[in-house]
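Summary of structural features
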Amino acid sequence: MEPRPRRVPFTDRLRVPGGRDGRRMLVVAIIDKVGTGLWSGAATLYFIYVAHLSIAQIGVLMGLSGILGVAGPPLAGRLADRFPVTRVLVVAQLARGAALLALLTTNDYALLVLFSALGALPDRASSVLTKLFAARVAGPDRIRYQAIQRTAVNIGWAVGAAGAAAALTVGTTASYRALLLANVVSYAVIGALTLRCAEPPSPSRVVASPATAPGYGVPPTASPRVPATPWRDRRYLAFAGSEIWLFLDDSILQVGFPLWIVHATDAPVGLAPLVLVLNSVLVIALQVPLSRFGETRAAARRLLVPIGAAFLTGGVALAASAGGGPWFATAAVLLAAVAFTLAEILHSLSSWELSVALAPGEAQGAYLGVHGLAQSAQRSLGPVVVGAAVSAGPFAWPALGASLVLACLAQHRLVRPDAAPAVTAPESARAPEAPAT
């Protein structure tokens, strides 16, 4: 029987796993999110008031950027298995800054689309590379490190968004450009900080010595071991596919709540931004304390049950919010926000641990890259699903909650310990049978 999660002493709660490099990468994540918060709050307005694009043009620009960005996670994961992850991450950070800086050079629509799309590729790649670095530098404490990192980046995002709100009160072309340049500077700073991080140990990058190189005692008939690939691991692909649906909490909170509050409830419109504030406060307050419930693969698997319950509670509460007056609607919306935020927190713990635990060490980057596709795909699919739920009416939310419960149960069965990975390899890649003795 597995021991119950231990209560972490207060002094240990202040310790950041991974030593100096773990702390340095935490600073990198905070600065990154401050810069992103500054620019994200102004990006749409920049394209409207500075580049003079229409709403339709902005939609196409963001859509095409999202499509190209999907390729970022698997590409980054593959590169991180072959090269030092810190160096690949620095390249991605500098590429993000260069693509963003290029927006200042033109108002031509085709070029703006091109630069935005080129920036989306390293942007999505950076999230996977940061996760891979954390998994390697923190080792068995990776769940706690992830929890601390999520707490820190939420604080960074809030600081950046507040700074953007203050700058946007000016509303001049110079203020929009200043926010863009501030984000570019943040990329240069985090690139310099990342260069100072030592490369964490990786089981996938082993340099061959002369004794094991071809021609040094290795029989000519022996063939090197074919590395594992997630594209032939049916269980991991199914796990990553189910993650697309479970990441819907992001679109529900960012897109669904504002639309639902405005179009279907009697709650005040000002409740919409407060939902995001409540979400950030809960993540900051609960992410680290709850991390002790997802420190092992078995514990992460158990979390899928309360995750499903939280999703269903949130769906039912949102449906109920359409049937009462302002006070009732407000209370129901807040209950739904708490439920979906709790699902988000617990799912981040479960998803982080399972995505690493199910990945073989020699192909960890490639596997995490495939897992990163889930979040990228959700960013494109999620707003469509949530928009359809808002249009369909109150009964769509419990139905969506029930579908998320089914996804949790399916994943719970998929990652059970006795489920062997279903990997399909070509005949030529299979190990030869041992000779009979």
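Not measured: the values here are computed from a predicted model. (Residues numbered from 1 in each chain as written. Predicted model: local features only at pLDDT ≥ 70, side-chain atom pairs only at ≥ 80, totals over all residues. Heavy atoms only, no water.)

Right, let's get into the overall build of the protein chain. If you tally the helices and strands in the protein chain, you get 16 helices and zero strands. Scored against the burial criterion, the 437 residues of the protein chain give a buried share of 48%. Contacts in the protein chain between residues at least 24 apart in sequence constitute 86% of all its contacts with a sequence separation of at least 6. (Helix = DSSP H or I, 4+ residues; strand = E, 2+ residues; numbered from the N terminus. Buried < 20%, exposed > 50% of the residue type's maximum accessible area, 1.4 Å probe, protein only. Contact = heavy atoms within 4.5 Å.)

So, about the UniProt feature "transmembrane region" (unreviewed entry) in the protein chain. Taking the UniProt record as the reference, the feature "transmembrane region" (unreviewed entry) is found at residues 25–49, 55–76, 151–170, 269–291, 303–321 and 327–346. Note that residues 25–49 is 100% helix and 0% strand, and that its end C-alpha atoms are spaced 35 Å apart. In this annotation, residues 327–346 is assigned 100% helix and 0% strand; the end-to-end C-alpha distance for the span is 29 Å. (UniProt positions renumbered as here; feature names shortened; annotations may be inferred.)

What follows covers the pattern of salt bridges. By the definition in use, this model includes five salt bridges. Asp 32 serves as the salt-bridge partner of Arg 96, at 3.2 Å between the closest nitrogen and oxygen. Taken together, the positions of Arg 96 in helix α5 (residues 85–102) and Asp 32 in helix α2 (residues 19–49) put the pair 64 residues apart, joining distant regions of the chain. Here the two residues Arg 96 and Asp 32 agree in accessibility, since each one is buried. One network of salt bridges, in which partners are shared, links Asp 32, Arg 96 and Asp 123. (Salt bridge = Lys/Arg side-chain N within 4 Å of Asp/Glu carboxyl O.)

Take the packing of α2 against helix α3 (residues 55–69) next. Between α2 and α3, whose axes approach to 10 Å, the crossing angle comes to 130 degrees. What the angle tells us is that α2 and α3 run oblique. α2 and α3 meet at a crossing whose hand is right-handed. Contacts between α2 and α3 involve Thr 44, Phe 47 and Ile 48 from the former and Ile 55, Ile 58, Leu 61 and Met 62 from the latter. (Axes fitted to C-alpha atoms, helices over the stretch in contact; angles between N-to-C directions. Parallel < 35°, antiparallel > 145°, perpendicular 65-115°, else oblique. Left-handed = near helix turned anticlockwise from the far one by under 90°.)

The interhelical angle for the contact between helix α13 (residues 304–320) and helix α16 (residues 396–414), taken along N-to-C directions, is 175 degrees, at an axis separation of 7 Å. When the axis of α13 is compared with that of α16, the two are roughly antiparallel. Along the contact surface, α13 presents Leu 304, Val 305, Ile 307, Gly 308, Phe 311, Leu 312, Gly 315, Val 316, Leu 318 and Ala 319, while α16 presents Trp 397, Pro 398, Gly 401, Ala 402, Leu 404, Val 405, Cys 408, Gln 411 and His 412. Residue classes in the contact of α13 with α16 are distributed as 14 nonpolar, five polar and no charged. (Nonpolar A, V, L, I, M, F, W, Y, C, P; charged D, E, K, R; others polar.)

Among the residues of helix α4 (residues 72–82), those classed as buried are Gly 72, Pro 73, Pro 74, Ala 76, Gly 77, Ala 80 and Asp 81. Taken together, the buried residues of α4 touch α3, α5, α6 (109–138) and α15 (364–392).

With that settled, the discussion passes to the packing of aromatic side chains. All chains considered together, the criterion is met by eight aromatic pairs. Their ring planes at 15 degrees and their centres at 6.2 Å tell us that Tyr 49 and Tyr 176 sit as a pair that is stacked. Taken as a pair, Tyr 49 in helix α2 and Tyr 176 in helix α8 (residues 173–195) lie far apart in primary sequence, 127 residues in all. Accessibility expressed as a relative area gives 49% for Tyr 49, which makes it partly exposed. Relative to Trp 397, the ring of Trp 260 lies with its centre 5.7 Å away and its plane at 80 degrees, an arrangement referred to as edge-to-face. Of this pair, Trp 260 sits in helix α10 (residues 249–264) while Trp 397 sits in helix α16, placing them 137 residues apart in sequence. The pair Trp 260 / Trp 397 is uniform in exposure class, with both members buried. Among the aromatic residues, those joined into a ring-pair cluster are Trp 39, Tyr 46 and Phe 47. (Phe/Tyr/Trp six-rings, centres within 6.5 Å; stacked < 30°, edge-to-face > 60°.)

What follows covers α15. Here α15 spans 41 Å end to end across 29 residues, near enough to the 42 Å set by a 1.5 Å rise per residue. The sharpest bend along α15 reaches about 40 degrees and sits at Leu 381, with the proline Pro 383 one to four residues further on. One or two steps after α15, the chain reaches Gly 393, where phi turns positive at roughly 105 degrees. (Expected span 1.5 Å × (residues − 1). Bend = angle between axes of the 7 residues up to and from the residue.)

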